[in-house]
Amino acid sequence: MKEKAYFESVNTNNELRLRKLINSLPSYCRQFFIGIEANTSSRTRIAYAYDLACFFDYLHETNPLCKKMAINEIPLSVLDQITPLDIEEYLFYLKVYEKDGVAHTNDERGLKRKLASLRTFYNYFFKNELIDTNPAVKVDMPKIHDKAIVRLDPDEVAELLDTVESGEHLTDRQQMYHEKTKTRDLALLTLLLGTGMRVSECVGIDLDDLDFKNNAVKVHRKGGAEVVLYFGDEVAAALEDYLIERRGITAEPGSVNALFLSLQNKRISVRAVENLVKKYSKLVTNLKNITPHKLRSTYGTSLYRETGDIYLVADVLGHKDVNTTRKHYAAIEDDRRRLAAKYVHLRKE
């Protein structure tokens, strides 16, 4: 299956999942999702559906009118009865709440996302003159406090790859599987660390997306754009070692052309990659929660330290806005500015 076909399959599954979610929401929500389809990804729409389900569930529990009817029967007119203060109450509720005996929490980022979903939802109906008020836009976005960027240090990168090769400190059960997967795992992690690609891009790579003549690989970026990324000799060597094994494996139907396979000989999943990154990284550092995205940050940090070119880092990582990149690597920029003070002398000693 070609890489493009793989992403089409993912989108199809997402659309089917979205339709099930929409069926549990008020009927007018369907029109909202049709209206935003052209400008959003299927994953974004699923996130909106979950956020709206949370909002209407809250209305069903707390609004006297909505309590008398099923959630999918809540009329559009209810939206005009909601005030900015009601939405602030909703956000306060979301910080800690219980559903079906399970406690749920939302941090600043979770609250911001849910308010952003509600703003988009209200804005659609207000813009199309189906409601008269837009209270969500009058509620201030929660302030986000910057978190320290988590990444691996250069010595930790080397130790991580050494651990993948040796399997040292793995449990006996993990050692059994390690013998079968270490070449694949080393190639996969070396590729992530050597290109900064997203984990979704990595699992979508097909065998014929590799070009060893130019040390290049074709990936599908968010939004569907095809991009060619280039890698160094270390990555090439790890991939070539793995390909010797890969060519001897008969993949399951639908995964014949997939580069990275699971032990079931199917295209490896995002979740499986997340688990293997967690497994190996915990042997290197207990203080850092390393995910595939943190490997991406590690690559971006290394590239920026070596080049000092924030636009190059943004381009390679696929950031549409260079300010997104600059925010992540501001601390390194500050270090470089500090160094500038050492190069300018006002008086000769």
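Preceding this paragraph is the structure being described.
Residues numbered from 1 in each chain as written. Predicted model: local features only at pLDDT ≥ 70, side-chain atom pairs only at ≥ 80, totals over all residues. Heavy atoms only, no water.

Enquirer: Sorry if this is basic, but what is going on with the overall build of the protein here?
Expert: Per the secondary structure count, the protein includes 15 helices and five strands. For the protein, the spread of C-alpha atoms along the principal axes amounts to about 70 × 65 × 40 Å. Expressed as a percentage of the 349 residues in the protein, the buried residues total 42%. Counted over contacts in the protein with a minimum sequence separation of 6, partners at least 24 positions apart contribute 60%. Looking at the protein as shown, the accessible area adds up to about 20400 Å², and 51% of this sits on carbon and sulfur atoms. With 52 positive and 51 negative side-chain charges, the protein shows a spacing of 2 Å between the two charge centroids. (Helix = DSSP H or I, 4+ residues; strand = E, 2+ residues; numbered from the N terminus. Buried < 20%, exposed > 50% of the residue type's maximum accessible area, 1.4 Å probe, protein only. Contact = heavy atoms within 4.5 Å. Areas by Shrake-Rupley, 256 points an atom, 1.4 Å probe, with all protein chains shown as cover. Lys, Arg positive; Asp, Glu negative; His and termini not counted. Charge placed at Lys NZ, Arg CZ, Asp CG, Glu CD.)

Enquirer: How should the environment of V277 be read in this particular structure?
Expert: When you line up the elements, V277 lands in helix α11 (residues 270–281). Placed 39 residues apart in sequence, V277 and V316 show a C-alpha to C-alpha distance of 22 Å. Those residues in contact with V277 that sit more than four places away from it in its chain are L189, I290, T291, P292 and L295.

Enquirer: Whenever I open this one, the packing of helix α7 (residues 154–166) against helix α8 (residues 172–195) confuses me. Can you help?
Expert: What describes two packed helices is the angle between their axes and the distance between those same axes. Look at α7 against α8: their axes get within 8 Å of each other, and the N-to-C directions meet at 155 degrees. In this view, α7 runs roughly antiparallel relative to α8, as classed from their interaxial angle. The interaxial crossing formed by α7 with α8 has left-handed handedness. Between α7 and α8, the contacting residues are V157, L160, L161, T163, V164, E165 and S166 on the first element and H178, K182, D185, L186, L189, T190 and L193 on the second. Here the contact of α7 with α8 is composed, by residue class, of seven nonpolar, four polar and three charged. (Axes fitted to C-alpha atoms, helices over the stretch in contact; angles between N-to-C directions. Parallel < 35°, antiparallel > 145°, perpendicular 65-115°, else oblique. Left-handed = near helix turned anticlockwise from the far one by under 90°. Nonpolar A, V, L, I, M, F, W, Y, C, P; charged D, E, K, R; others polar.)

Enquirer: Help me understand the packing of aromatic side chains in this model?
Expert: Given two aromatic rings, one states the distance between the centres and the angle between the planes to describe the pair. As enumerated under the stated definition, the model contains 17 aromatic pairs in all. Pairing Y28 with F56 gives two aromatic rings, centres 6.3 Å apart and planes at 65 degrees, and the pair type is edge-to-face. Within this pair, whereas Y28 is found in the loop between α1 (3–23) and α2 (29–36), its partner F56 is found in helix α3 (residues 42–62), the two being separated by 28 residues in sequence. Since its relative accessible area comes to 12%, Y28 is described here as buried. On the basis of relative accessibility, which here comes to 0%, the residue F56 falls in the buried class. Pairing F55 with F56 gives two aromatic rings, centres 5.4 Å apart and planes at 65 degrees, and the pair type is edge-to-face. You can call F55 buried: its relative accessible area is 2%. (Phe/Tyr/Trp six-rings, centres within 6.5 Å; stacked < 30°, edge-to-face > 60°.)

Enquirer: Any chance you could explain the sheet that holds strand β4 (residues 216–220) here in plain terms?
Expert: In any sheet, the strands associate via hydrogen bonds between backbone groups, in a parallel or an antiparallel arrangement. Taken in spatial order, the three strands make up an open sheet running β3-β4-β5, and their pairing is antiparallel. For this open sheet the edge positions go to β3 (210–211) and β5 (226–230), each flanked by a neighbour on one side alone. The pairing of β4 with β5 spans five bridges and is classified as antiparallel. Among the inter-strand pairings, V219 is bridged to a residue of β5, identified as V227. (Pairing = 2+ DSSP bridges.)

Enquirer: Would you explain the packing of α8 against helix α10 (residues 233–246) in this entry?
Expert: Packing of α8 against α10 leaves a shortest axis separation of 9 Å and a crossing angle of 150 degrees. Classified by the angle their axes make, α8 and α10 are roughly antiparallel. Between α8 and α10 lies a crossing of left-handed hand. On α10, the residues that touch K180, T183, R184, L186, A187, T190, L191 and G194 of α8 are E234, V235, A238, L239, D241, Y242 and E245. Grouping the amino acids of the contact of α8 with α10 by side-chain chemistry returns seven nonpolar, three polar and five charged.

Enquirer: Explain a nonpolar patch on the surface here, please?
Expert: Taken together, the side chains of M176, Y177 and L263 define a hydrophobic patch exposed on the protein surface, amounting to about 300 Å² of accessible area. Tracing the backbone through its elements, the reader meets L263 in the loop between α10 and α11. (Patch = residues over 30% accessible without salt bridge, like charges linked within 9 Å, V, L, I, M, F, W, Y side chains within 5 Å. Salt bridge = Lys/Arg side-chain N within 4 Å of Asp/Glu carboxyl O.)

Enquirer: Explain α2 here, please?
Expert: One turn of an α-helix holds 3.6 residues; hence residues three or four places apart share an orientation. Listed as buried for α2 are C29, F32, F33 and I36. All buried residues of α2 lie within an arc of 95 degrees about the axis, which places them on one face of the element. (Arc of directions from axis to C-beta.)

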